[in-house]
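# Observations on the three-dimensional arrangement
Chain residues, written in single-letter form:
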Amino acid sequence: MKLKRRRALEVTSKIKTFINNVTATPPENIEDSLKSFFWVFDKRDFHHWADLFNHFDTYFEKYIKPRKDLQLEDNSLESDPPFPREAVLHILRVIRIILENCTNKHLYNAYEVPFFTIILPQFISELLNVI
């Protein structure tokens, strides 16, 4: 689910810098740019983070969606690369922190993001610790 900004919003330089840092990081190392994330911003409009959430969607589209080991209907014996466990956990942690600190967070409907239903069974115990 790609997010669209409803209106032109002035995104603070701190938020822009963080988003640019994450999006400039090679996808296979995305967790490196997310590990130390904590909330240092004022309460913000969810749309300020749209570019970051779209980047996460692109990551899930490329690295999670095509995995044969997560598709129950596929009995393929093809081997997938190791699951990017750390990256996914850090992405989910950052999503949670941002949503906790944004106004109008209701605009982000995780149920419309098919990757969450795919990865949940893989992470149930770890997700409980992150949440």
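We now turn to the structure provided with this report. All values reported here derive from a predicted model rather than from experimental measurement. (Residues numbered from 1 in each chain as written. Predicted model: local features only at pLDDT ≥ 70, side-chain atom pairs only at ≥ 80, totals over all residues. Heavy atoms only, no water.)

### So, the packing of helix α1 (residues 13-24) against helix α3 (residues 50-63)
Spelled out, the test is: As a rule, the C-alpha atoms of each element are fitted with a line to give its axis, helices using only the stretch in contact, and angles between N-to-C directions run from 0 to 180 degrees. For the purposes of this entry, the term helix denotes a DSSP run of H or I that reaches at least four residues, the term strand denotes a run of E that reaches at least two, and both are numbered from the N terminus. To sort the angles, those under 35 degrees are grouped as roughly parallel, those over 145 as roughly antiparallel, those from 65 to 115 as roughly perpendicular, and the leftovers as oblique. Put simply, a crossing is left-handed when the front helix is turned counterclockwise from the back one by less than a right angle, and right-handed when it is turned clockwise. The contact criterion used throughout is that any non-hydrogen atoms of two residues lie within 4.5 Å. Think of it as three bins: nonpolar holds Ala, Val, Leu, Ile, Met, Phe, Trp, Tyr, Cys and Pro, charged holds Asp, Glu, Lys and Arg, and polar takes everything else, Gly as well.
Relative to each other, α1 and α3 sit at 15°, their axes nearing to 9 Å. Between α1 and α3, the interaxial angle falls into the category roughly parallel. In this structure, the crossing between α1 and α3 has a hand that is left-handed. Counting all contacts with α1, which are made through F18, I19, V22 and T23, the residues of α3 involved are D51, L52, H55 and F56. Of the residues assigned to the contact of α1 with α3, the class counts are 5 nonpolar, 2 polar and 1 charged.

### Regarding the packing of aromatic side chains
Going by this rule: Stacked, tilted and edge-to-face are the three classes assigned to paired rings of Phe, Tyr and Trp, where Trp is represented by its six-membered ring and a pair needs centres within 6.5 Å; plane angles under 30 degrees give stacked, over 60 edge-to-face, the rest tilted.
All told, the structure shown has 11 aromatic pairs when counted by the stated rule. An aromatic cluster of at least three residues, connected via ring pairs, comprises F18, F37, W39, F41 and W49.

### What about the packing of α3 against helix α4 (residues 85-100)?
Contact geometry of α3 with α4 gives a least axis separation of 12 Å together with a crossing angle of 155°. Between α3 and α4, the angle is such that the two are roughly antiparallel. At the point where α3 passes α4, the crossing takes the left-handed sense. For the pair α3 and α4, contact is made by L52, F53, F56, Y59 and F60 and by A87, V88, I91, L92, V94, I95, I98 and L99, respectively. When the residues that make up the contact of α3 with α4 are grouped by side-chain class, the tally is 13 nonpolar, no polar and no charged.

### Here we look at the side chain of D45
Quick note on the threshold: Counting of polar contacts relies on pairs of N or O atoms within 3.5 Å, with two restrictions inside protein: one atom must be capable of donating a hydrogen and the other of accepting it, and residues adjacent in sequence are counted only when both atoms are side-chain atoms.
Relative to the helices and strands, D45 resides in strand β1 (residues 44-45). Side-chain polar atoms of D45 contact the backbone nitrogen of H47, separated by 2.7 Å.

### Observations concerning the nonpolar core
Here is the rule we go by: In this description, a nonpolar core means a group of buried Ala, Val, Leu, Ile, Met, Phe, Trp, Tyr and Cys residues linked to one another through side-chain atoms lying within 4.5 Å. The classification of residues rests on relative accessible area computed with a 1.4 Å probe and restricted to protein chains. Under 20% of the type maximum is buried, over 50% is exposed, and intermediate values are partly exposed.
With 29 residues, the main nonpolar core has F37, W49, L52, F56 and I98 as its most contacted residues. Only α1, α2 (30-34), α3 and α4 provide two or more residues apiece to this core. In contact with I98, other than residues within four places in its own chain, are F37, W39, W49, L52 and F53.

### Comments concerning α1
Keep this limit in mind: One less than the number of residues in a helix, times 1.5 Å, gives the span that helix is expected to have. What the arc measures is the spread of directions leading from the helix axis to the C-beta atoms.
Here α1 contains 12 residues, and its C-alpha end-to-end distance of 16 Å stays within 8% of the 16 Å for a straight helix at 1.5 Å per residue. By the burial criterion, the buried members of α1 are I15, F18, I19 and V22. Taken end-on, α1 shows its buried residues confined to a sector of 95°, consistent with a single buried face. For α1, exposure combined with an orientation more than 90 degrees from the buried face picks out S13, T17 and A24. Those residues of α1 that are buried lie in contact with α2, β1 and α3.

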